[in-house]
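An overview of the molecular structure
These are the residues of each chain, in order.
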Amino acid sequence: MTTAPASGTADAPSATPKLKTSAMIASFADPGQKTAPAPFGHALAAAAETDPRIVGLTADLGKYTDMHVFQKAHPERFFQMGMAEQLLFGAAAGMAETGLVPFASTYSVFAARRAYDFLCLDIAEPGLNVNIVGGLPGLTTGYGPSHQATEDIAIFRGMPGLTIVDPCDSIDIEHAVPQLAAAAGPSYLRLLRGNVPTVLDEYDYTFQLGKAAILRGGADVVFVSSGLMTMRALQAAEELAVHKIDVAVVHTPTIKPFDAETVLAEIDTPRLAFTLENHTVVGGLFETVASAATRRGLGKRVVPIGLPDEFLDAGALPTLHDRYGLSRSSIVARVLSELG
Amino acid sequence: MTSTTPTTAQHAYGSGPDRGIGFEERVRRVQDAAYRIRHHVLTMGEVQGQGYVGQGLGVADILAAAYADQLRYRADDPHWEERDRFLLSIGHYAIGHYAALAEAGIVPVAELETYGSDDSRLPMSGMASYTPGMEISGGSLGHGLGVAVGMALGLRLQGRDERVFNLLSDGELDEGSTWEAAMGAHHHQLGRLLALVDVNALQADGKTETVLRTEPLLDKWTAFGWFAQRVDGNDVSALLRAYDEAEVHSELTGRPSVILCDTRIGRGVPLLENREKAHFMRIEESEWQLCRDELTAGHEGANR
Ligand SMILES: Cc1ncc(C[n+]2csc(CCOP(=O)(O)OP(=O)(O)O)c2C)c(N)n1
Ligand SMILES: [Mg+2]
């Protein structure tokens with residue numbers, strides 16, 4: 001960002017007050033939306049009741065990744081590693097070597113950037129069942145590039161054997177946690193924390209690791225989405241219906257391994273196709289779909305809705321979701337303009 | 001809202017320690033600067049209604065001593081080549097740093113009300129690309145000291161003697177990268193490097209001693225080859241003496257210096273000092289004026 005305004009902003013009587021960045025973790029729930037508190041923490045605590053191998057670790061972010069719920073339920077199975085992410089992953093690997101199933105939480109940026117080498121060589125290469133839980137995935141904070149994990153999937157997709165899950169809502173998280181614990185091998189979960197929207201209970205759907213699902217059919221346009229962008233895709237689809245545009249939504253919460261079968265069957269139709277992701281358009285869902293389509297020999301245009309290949313601004317989350325095209329209204333506008 | 005905010009300093013800053021005025025007078029100047037910095041912190045805190053107000057108040061004396069006494073800089077030319085470098089690695093402490101930059105005259109006081117708002121030059125997490133006087137973008141903790149090592153090496157190689165300060169937090173001592181940099185600074189004998197550690201005994205999940213014990217700090221830094229001092233970071237006289245002592249030791253090639261500053265979260269505002277310590281503090285709308293009143297009363301009481 002090089003275009004910051006010069007000083008003197010304060011003496012201009014502000015007609016509309018500027019939105020505030022406020023908390024590190026801004027909520028992306030809409031006002032009045034149904035939410036569930038700390039779904040990850042509760043799901044992990046519940047899974048640990050029946051699976052004695054489960055342990056929880058964090059790097060000074062227990063309160064901020066909902067790990068504190070697990071800590072409270074199973075204090076003897078919780079390990080505070082301090083703000084030392086390399087230690088967090090190294091130690092999680094060590095615990096897994098002794099037969100335990102660690103869930104290790106930090107923010108996505110620190111998991112992907114600071115401690116990548118430790119995740120790669122100590123956890124992924126030996127194929128250990130360590131589950132990395134990354135808070136603030138994509139653009140879910142207004143703190144600027146230090147906290148915005150806009151390229152976490154791009155970084156992690158290249159790691160052999162790492163399962164990547166990008167859940168949409170509290171229900172996805174609730175179902176993903178026990179499945180990740182049960183599955184052999186390492187995983188990365190893009191955490192949504194705090195009061196997380198509950199969206200998918202309205203659809204005939206349950207999370208299945210490795211599977212995409214068609215949440216709604218539609219004759220004109222197909223959305224392929226993951227993470228919180230599935231919530232936005234569903235909202236935009238409803239709004240587009242008012243414009244007499246019939247939109248299908250395919251939710252693909254597992255990014256790797258990718259359910260190309262389901263997704264390509266939906267892409268390979270005359271409908272206008274979009275990918276929607278809370279991630280840079282480089283190396284994420286869009287390129288996952290594009291490479292699968294190319295492999296299959298589909299000469300199909302896919303329009304990416306995602307974050308630009310830039311370091312993003314600081315600011316209030318709603319402002320930034322508008323600015324970078326993730327908000328419901330910007331999705332609707334984008335579709336309308338593509339349809340001309 | 002700014003009615004009780006005191007005015008800015010009467011004398012110019014940025015020439016380094018003014019030995020012509022006597023130690024007591026220097027202490028008084030720094031105390032006055034710290035008082036204004038604390039008011040600025042409250043001004044910014046109220047804009048968000050919550051946040052890192054406790055840290056900003058706690059670190060105000062350390063910042064005041066740096067900007068009102070120690071550092072060489074030109075307020076109207078933040079990129080002046082011969083400036084001492086002040087690196088904030090703790091991005092969330094930006095609220096304190098902006099307050100100090102306002103006291104220094106580098107950021108206009110009126111602009112503080114844009115703190116953490118859309119299109120502001122003063123984002124919640126400090127970044128060099130946004131704010132004049134910010135040397136680095138912090139926020140991902142554990143970067144500052146490594147960059148400081150490089151700056152000190154780079155300046156020395158080019159025959160320059162500017163000093164490099166890095167303000168870091170006790171939480172940053174959890175990161176291996178901080179200790180890599182500490183060894184690097186000693187190995188390369190970066191005597192013009194000064195690390196300031198705000199030891200407020202707190203981090204995100206709670207008290208430092210419950211998250212990751214870092215003590216004994218003085219022994220650790222000394223063992224790493226640094227000229228280490230530990231002071232009450234809210235005692236301006238003690239702070240200035242430590243800064244002066246570090247300056248005496250600041251040969252171009254020699255031991256790097258660290259001042260471990262034990263500080264009190266919310267310092268200067270008893271309401272906040274006595275509240276349960278929180279990394280991210282919520283303050284009610286009705287409490288802000290009370291905070292300002294307590295701060296003013298405390299400062300005037302001390303000056304009587
Ligand atoms: C590398 C890294 N890991 C984790 C975080 C998240 N985080 C932000 S502040 C903080 C606490 C760090 O301790 P300290 O700076 O001493 O906290 P304070 O005194 O402000 O409470 C943590 C863990 C971060 N910003 N950077
Ligand atoms: Mg601290």
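Residues numbered from 1 in each chain as written. Chains lettered and ligands numbered in written order. Predicted model: local features only at pLDDT ≥ 70, side-chain atom pairs only at ≥ 80, totals over all residues. Heavy atoms only, no water.

Attention shifts here to the overall build of chain B. Each helix and strand counted, chain B has 11 helices and nine strands in total. For chain B, whose C-alpha radius of gyration is 18 Å, the value lies close to the compact-globule estimate of 19 Å for 304 residues. Overall, the C-alpha framework of chain B stretches about 50 × 45 × 40 Å when taken along its three principal axes. Out of the 304 residues in chain B, the part that is buried amounts to 63%. Here the contacts in chain B between residues at least 6 apart in sequence split such that 76% fall between residues at least 24 apart. Total accessible area on chain B is roughly 11100 Å²; 49% of this is exposed by carbon and sulfur atoms. (Helix = DSSP H or I, 4+ residues; strand = E, 2+ residues; numbered from the N terminus. Rg over C-alpha atoms; globule rule 2.2 N^0.38 Å. Buried < 20%, exposed > 50% of the residue type's maximum accessible area, 1.4 Å probe, protein only. Contact = heavy atoms within 4.5 Å. Areas by Shrake-Rupley, 256 points an atom, 1.4 Å probe, with all protein chains shown as cover.)

What follows covers the overall build of chain A. In terms of regular secondary structure, chain A is built from 12 helices and 14 strands. For chain A, the C-alpha radius of gyration of 20 Å lies close to 20 Å, the compact-globule estimate for 340 residues. A burial count over chain A gives 60% of its 340 residues as buried. Long-range contacts, defined as pairs at least 24 residues apart, comprise 80% of the intrachain contacts of chain A with a sequence gap of at least 6. Summed over all atoms, the accessible surface of chain A reaches about 12700 Å², with 55% contributed by carbon and sulfur.

Let's shift gears to the site of ligand 1. Taken together, 23 residues form the shell around ligand 1, and within it A:Glu85, B:His92, B:Ser169, B:Asn200 and B:His279 come nearest. Those residues lying near ligand 1 are distributed over chains A and B. With respect to ligand 1, the backbone of B:Leu141 contributes an N or O atom lying 3.0 Å from a nitrogen atom. Note that an oxygen atom of ligand 1 is positioned 2.7 Å from one of the side-chain N or O atoms of B:His279. Isolated, ligand 1 exposes 580 Å² of accessible area, and the fraction of that covered by the protein chains is 99%. Of the residues assigned to the shell around ligand 1, the class counts are eight nonpolar, 10 polar and five charged. (Near = heavy atom within 4 Å. Polar contact = N/O pair within 3.5 Å; in protein donor to acceptor, adjacent residues only side chain to side chain. Nonpolar A, V, L, I, M, F, W, Y, C, P; charged D, E, K, R; others polar.)

Residues and elements named next belong to chain B. Bound to the magnesium ion (ligand 2) are the protein donor atoms Asp170 (OD), Asn200 (OD1) and Leu202 (O), situated 2.1 to 2.2 Å from the metal. If you list the donors of the magnesium ion (ligand 2) from N- to C-terminus, the spacing comes out as D-x29-N-x1-L. Placement of the pair is aspartate 170 in the loop between strand 3 (164-169) and helix 6 (176-187) and asparagine 200 in the loop between strand 4 (193-199) and strand 5 (202-203), with a sequence separation of 30 residues. (Donors = N, O, S within 2.8 Å, 3.2 Å for Na, K, Ca; no water.)

With 39 residues of chain B in contact, the opposing surface of chain A contributes 41 residues. Around 3100 Å² of area is buried between chain B and chain A when both sides are counted, 50% of it from carbon and sulfur atoms. Here A:Lys18 ties to B:Asp119 by a salt bridge, and the two come within 3.2 Å at their closest N and O atoms. Here chain B and chain A share 20 residue pairs in polar contact (both at pLDDT 80 or more) between them. Elements with a minimum of two residues in the side of chain B that touches chain A: helix 1 (23-48) and helix 7 (208-211) of chain B. Its residues placed into classes, the side of chain B that touches chain A shows 13 nonpolar, 18 polar and eight charged. (Buried area = accessible area lost by both parts, 1.4 Å probe. Salt bridge = Lys/Arg side-chain N within 4 Å of Asp/Glu carboxyl O.)

Turning to the confidence of the model for chain B, a few remarks are in order. With 97% of its residues at a pLDDT of 70 or more, chain B shows a mean pLDDT of 96. Here the predicted complex carries an ipTM of 0.96, next to a pTM of 0.95. (pLDDT = per-residue confidence, 0-100.)

What follows deals with the sheet that holds strand 8 (residues 257-262) of chain B. Residue and element names in this part refer to chain B. Taken in spatial order, the five strands of this open sheet run 2-3-4-8-7, and their pairing is parallel. With one partner strand each, in any of the chains shown, strand 2 (85-88) and strand 7 (227-232) form the two edges of the open sheet. On average, each strand axis in the sheet is tilted by 20° relative to the strand beside it, whichever way the strands run. Here six bridges tie strand 3 to strand 4, and the two strands are oriented parallel to one another. Bridge pairing links valine 164 to leucine 193 in strand 4. Sitting on the sheet, helix 3 (residues 60-70) is in contact with strand 2, strand 3, strand 4 and strand 8, with an inclination near 170° to strand 3. (Pairing = 2+ DSSP bridges. Axes fitted to C-alpha atoms, helices over the stretch in contact; angles between N-to-C directions.)

This paragraph deals with the packing of helix 1 of chain B against helix 3 of chain B. Residue and element names in this part refer to chain B. Following both chains from N to C, one finds helix 1 and helix 3 inclined at 125°, their axes separated by 8 Å at the closest point. Classified by the angle their axes make, helix 1 and helix 3 are oblique. Considering how the two elements wind past one another, helix 1 and helix 3 form a crossing that is right-handed. Each of Arg26, Val30, Ala33, Ala34, Ile37 and Arg38 in helix 1 lies in contact with helix 3, whose residues at this interface are Ala60, Asp61, Leu63, Ala64, Ala65, Ala68, Asp69 and Gln70. (Parallel < 35°, antiparallel > 145°, perpendicular 65-115°, else oblique. Left-handed = near helix turned anticlockwise from the far one by under 90°.)

The next subject is the UniProt feature "domain: Transketolase-like pyrimidine-binding" (unreviewed entry) in chain A. With numbering matched to this structure, UniProt assigns "domain: Transketolase-like pyrimidine-binding" (unreviewed entry) to residues 34-198 of chain A. Secondary structure within residues 34-198 of chain A divides into 41% helix and 20% strand; the distance between the first and last C-alpha atoms comes to 6 Å. (UniProt positions renumbered as here; feature names shortened; annotations may be inferred.)

The subject of this paragraph is the packing of aromatic side chains. All names here are of chain B. Enumeration over the complete set of coordinates arrives at 14 aromatic pairs over all chains. Arranged with centres 4.8 Å apart and planes meeting at 50°, the rings of tryptophan 179 and phenylalanine 224 form a pair that is tilted. Of this pair, tryptophan 179 sits in helix 6 while phenylalanine 224 sits in the loop between helix 8 (217-223) and strand 7, and the two are 45 residues apart along the sequence. By relative accessible area, tryptophan 179 is classed as buried at 13%. Cluster of aromatic residues (ring-pair linked, three or more members): Tyr67, Tyr73, Phe86, Phe165 and Tyr243. (Phe/Tyr/Trp six-rings, centres within 6.5 Å; stacked < 30°, edge-to-face > 60°.)

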